[in-house]
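Each chain, written out:
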Amino acid sequence: MIATESLSKRFPRVTALDRLSLDIGPGVTGLVGANGAGKSTMIKILLGLSPATEGSAQVLGLDVRTHGPEIRERVGYMPEHDCLPPDVSATELVVHMARMSGLPPAAARERTADTLRHVGLYEERYRPIGGYSTGMKQRVKLAQALVHDPKLVLLDEPTNGLDPVGRDEMLGLIRKVWTDFGISVLVTSHLLGELERTCDHVVVIDGGKLLRSSSTSDFTRTTTTLAVEVTDSDAHPDGTGALRAALATAGVTIHAGVEDGLPGAGHILLLEASGEETYDLVRDTVAGLGLGLVRMEQRRHHIAEVFKATDQEEVPAR
Amino acid sequence: MSSQTPDANQISHANQIPDANQIPDATRTPDATRIHNIGYRSYDGPRLGRAYARRSLFSQSLRGAYGLGRSAKSKVLPMLLFAVMCAPALIIVAISVYTKADKLFVEYTQYAILLQLVVAVFLASQAPQSVSRDLRFRTVPLYFSRPIERVDYVLAKFGAMASALFVLTATPLFIMWIGSMLAKMDFAEQAKMFGQGLVSVAVLSVLFAGLGLVMAALTPRRGFGVAAVIAVLVISFGAVTTLQGISYATDNTGAIVWLGLFSPLTLVIGLQNAFLGARASFPGEMQVGAGVGVVYLAIVLGLIAACYGILMARYRKVGL
C-alpha cells in the first residue's frame, strides 16, 4: 500500500522526516508519534502535495512525485483539524466532495447516502453541520474521505477531541472500514493504547525517525496492563488491598507502582494480563470477595512508555 | 453484493465490530419494518478525473453566487440585486417602444457604469462567500487532497465569479437588445453596439472578479472582505472622478485621461472609449486615444494577471 525509501523532509530549521523507510501492507496501520514527530508531514508527502527533500515514496504502487492526482483519486484523507463549513448539510458537503473526487452526479449522490449511513449518520444528515456534535462532525469528516471508495484512507488524529465513548465508536468505525469495506487505513495518533486495539500494525516515529514498526500483537504482548478498581465492603474495608492479596495468591503479576498524582490512584490496581483467563480470574476473585467491580480496563499507554521500552530492549526496527 | 449484517437498525452499531457471519440469518425474526444494513458496496463506476472536478467546482461556485444550492436566506440578496440590475433595462425598453424612438436612450456601454453600485454590492457580497468560507472553515485541504490542483481551484473560482458578474451585467443588455428589435430599430447598428457592450461587460466582469476574489481571499473574515471590495471599487471611483473634476475645473485637462488609470471602473470606461466606440464619459468629454488606450489595456490585463498570481500564491500556503 505504502512504501517509502529513506524519505526525508527538511525545512530550513527543522528536519521533519529523517531517512524514513517503511513498507506498509493492506490492513489498518497506526502511525504513532508525539506532536511534531512528522506524522502530518508524512501524510502530505504521501498525498503528493509536498515534495520530499530526498528519498522516494510510493502509494498504491504509484510514485508520489509524478502521480499525485492519480494517487489522490484513489486515496481518502481526513484532516486533523475542523474543515467543515457550518452552513451546509452533511449530504450537500459530501456530495460535492464526491464530485471533486471525480464521481458523476448520480453516483456521487448514491455513494453519499450509503457512506453517511455506514458512518452512522441518519436523519441528521440533512441538517446544517453547524449544529452537529464533535462526534458527528468527525463522522462527516470520515464520510467525505470514504465517499469515493478509495483503496486507502489516511486519517489524521481521528479521535481528537472525542470523549471516551466517542473515541471507542470512532475506533470501531475505523476497524470496520477495513474489515467490512476492505479499505486499508493509515491512522495517526499520539496515543499508542487506542491504536493497539484497532490496528494490525503499528509504526512509531519520533523526531522524523522510525522508532519501531511491528505488528500489534508484539506490542500487546509487552504492554497489556489491566487497571482494576473495586469498591470497599463491610467485610473488606480495604477492598483494593484484599483484591491485591487474593490476586497475588492466584499468581497474577501486580505492578507495584500506580500512577501518582491522579485522583483515586491509590484505589487502582495495575496488573499484567497474560490472556483471556486473567479477565475471568479478576472477575471471579472480585465476586468471591463480595466487592463491587468499578472498572476493569486496558491501560492506555502513552507513547513515552514505548520510548522507555525501546531504550531498555533496543527492539530493532523492521 | 448486498450481505445483510445483523446490527441493522442500531444507531450505536458503530462501536461494535460487526461480523456478517457471526449470527446466521435464520436466528433473526423477520420484521418488515426493519431497516436493513445492506452492507458496503464498492464503486466500480467511472472516475471522471481532474477536468470534471474543475468543471463541477466551477458550476457549484457559479450557482452559489446566485444562492442556488444554498439556503433560502442566501438567495435573497443576489436575486434581489439581479432584479434591480434588470429593472431599469425593462423600463428603458418600455419607454423606447412606447415613444417609438429610433434608438435606446441609454447606450449598452453605459449601462453597467450607471448601475455600478449594484455590481459592487453583488461582488462584495458574493466574492467572500465564494472563497472566504473555504479558507475560514479550512475546507481547502479537502479540495487539495483530491485530484484537483491549486491551479484548478483558482481557475474554477475565478471563472465562476467572472461568469456570475457577466450574467449580472450582460442580461440587462440582452433585454435592451431584444427591446431594440421589438421597437424595430436598425438591426445592424443595434447588434454592433450590443456586441461592443458585451465585450465591455466581459472585461469588467473578469477584472472585477479578480479584484474581488483577491480581497476576499486575503481577508478570511467575511465582514472585512465585504468592506474591502466596496472600498476599492466605489471609493476609488469616487476619488478618481473627483480628481478628474478638479483637473477639468482647473483647465488641467491633460491629466483627466491619465487619472482614469487609477480605479477599476474608470479603466473600463477608458478602454471602451478607446476601442469599443463608447461615448467618452470622462469630464469634458475627454477622449481616450488609441495610444493611451493601449496603456489602459495593458494595465487591465496586468491587473487580471496580478490577481491570478496573488490567488495562486495565496493558496500555496494553505496546502493542508
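Provided above is the structure to which this section pertains.
These numbers were taken from a predicted model, which means no experiment stands behind them. (Residues numbered from 1 in each chain as written. Chains lettered and ligands numbered in written order. Predicted model: local features only at pLDDT ≥ 70, side-chain atom pairs only at ≥ 80, totals over all residues. Heavy atoms only, no water.)

Colleague: Outline the overall build of chain B, listing residues and values.
Modeller: Counting its secondary structure elements, chain B contains eleven helices and zero strands. Secondary structure of chain B in N-to-C order comes out as α-α-α-α-α-α-α-α-α-α-α. Every one of the 320 residues in chain B was classed for burial, and the buried ones make up 47%. Considering only residue pairs separated by 6 or more positions, chain B has 75% of its internal contacts joining residues 24 or more positions apart. Carbon and sulfur atoms provide 67% of the accessible area of chain B, an area that totals close to 14,800 Å². (Helix = DSSP H or I, 4+ residues; strand = E, 2+ residues; numbered from the N terminus. Buried < 20%, exposed > 50% of the residue type's maximum accessible area, 1.4 Å probe, protein only. Contact = heavy atoms within 4.5 Å. Areas by Shrake-Rupley, 256 points an atom, 1.4 Å probe, with all protein chains shown as cover.)

Colleague: Give a detailed account of the layout of surface pockets, specifying residues and quantitative values.
Modeller: Quantified by volume, the largest pocket comes out at close to 940 Å³. Considering the residues around the largest pocket, the lining is formed by 42 residues, among which A:Val88, A:Glu92, B:Gln60, B:Gly69 and B:Arg70 are closest to the centre. Of all elements in the fold, only α3 (90-100) and α4 (105-118) of chain A together with α1 (49-65), α2 (72-98) and α4 (116-136) of chain B reach the threshold of two or more residues within the lining of the largest pocket. Partitioning the lining of the largest pocket into residue classes produces 13 nonpolar, 16 polar and 13 charged. For the second largest pocket, the calculated volume is near 560 Å³. (1 Å grid on protein atoms, 1.4 Å probe; cavity = no way out; pocket = protein on both sides within 12 Å on 5 of 7 lines; lining within 4 Å. Points joined across faces, edges and corners; volume = space filled by probe spheres on them. Nonpolar A, V, L, I, M, F, W, Y, C, P; charged D, E, K, R; others polar.)

Colleague: Describe the interface of chain B and chain A, with residues and values.
Modeller: Taken together, the contact between chain B and chain A spans 39 residues of the former and 51 residues of the latter. Carbon and sulfur atoms supply 56% of the area buried between chain B and chain A, which totals about 4,300 Å² over both sides. For the interface between chain B and chain A, the tally reads three salt bridges. The residue B:Glu149 makes a salt bridge to A:Arg72 at a minimum N-O spacing of 3.1 Å. (Buried area = accessible area lost by both parts, 1.4 Å probe. Salt bridge = Lys/Arg side-chain N within 4 Å of Asp/Glu carboxyl O.)

Colleague: Could you give me a rundown of the environment of B:Val151, with the residues and numbers involved?
Modeller: All names here are of chain B. Along the chain, the position of Val 151 falls in helix α6 (residues 150-182). What makes Val 151 partly exposed here is its relative accessible area of 24%. Placed 160 residues apart in sequence, Val 151 and Leu 311 show a C-alpha to C-alpha distance of 9.3 Å. When sequence neighbours within four positions are dropped, the list of residues in contact with Val 151 reads Arg 50, Tyr 308 and Met 312.

Colleague: Could you give an account of the nonpolar core, with specific residues and numbers?
Modeller: In a soluble, globular protein the nonpolar side chains are often hidden away together inside. The biggest cluster of nonpolar side chains holds 127 residues, and the ones touching the most others in it are A:Val140, B:Tyr111, B:Phe122, B:Phe208, B:Tyr296 and B:Tyr315. Here this core gets 14 residues from one element, more than from any other, and that element is α6(B). Not counting residues within four places of it along the chain, the set of residues in contact with B:Tyr315 comprises B:Val131, B:Leu135, B:Val140, B:Phe144, B:Arg150, B:Tyr153, B:Val154 and B:Ala217. In this structure, A:Leu17, A:Ile43, A:Ala57 and A:Ile205 belong to the second largest nonpolar core, which totals 25 residues. (Core = buried A, V, L, I, M, F, W, Y, C linked by side-chain atoms within 4.5 Å.)

Colleague: Go over the pattern of salt bridges, please, and point to the residues and values.
Modeller: For the coordinates displayed, the defined rule picks out 17 salt bridges over all chains. In this structure, the salt-bridge partner of A:Asp284 is A:Arg283, at a minimum N-O distance of 3.1 Å. Take A:Arg283: its relative accessible area is 46%, and that puts it in the partly exposed class. We note a salt bridge from B:Arg50 to B:Asp152, for which the minimum N-O separation is 2.7 Å. You can see B:Arg50 sitting in helix α1 and its partner B:Asp152 sitting in helix α6, a full 102 residues away along the chain.

Colleague: Residue-level account of the packing of aromatic side chains, with values.
Modeller: Residue and element names in this part refer to chain B. Counted by the stated rule, this structure contains twelve aromatic pairs over all chains. Between Phe 174 and Trp 177, the ring centres sit 6.3 Å apart and the planes meet at 45°, which makes this aromatic pair tilted. Here the residue Phe 174 and the residue Trp 177 both occupy positions in helix α6, the gap between them amounting to three residues, near one helical turn. Seen in terms of ring centroids, Trp 177 and Phe 187 are 6.2 Å apart; in terms of plane orientation they differ by 45°. Their pairing is tilted. One end of the pair, Trp 177, is in helix α6; the other, Phe 187, is in helix α7 (residues 187-218), and ten residues separate them in sequence. With a relative accessible area of 17%, Trp 177 lands in the buried category. A connected cluster of aromatic rings, assembled from ring pairs, spans Tyr 108, Phe 174, Trp 177, Phe 187 and Phe 194. (Phe/Tyr/Trp six-rings, centres within 6.5 Å; stacked < 30°, edge-to-face > 60°.)

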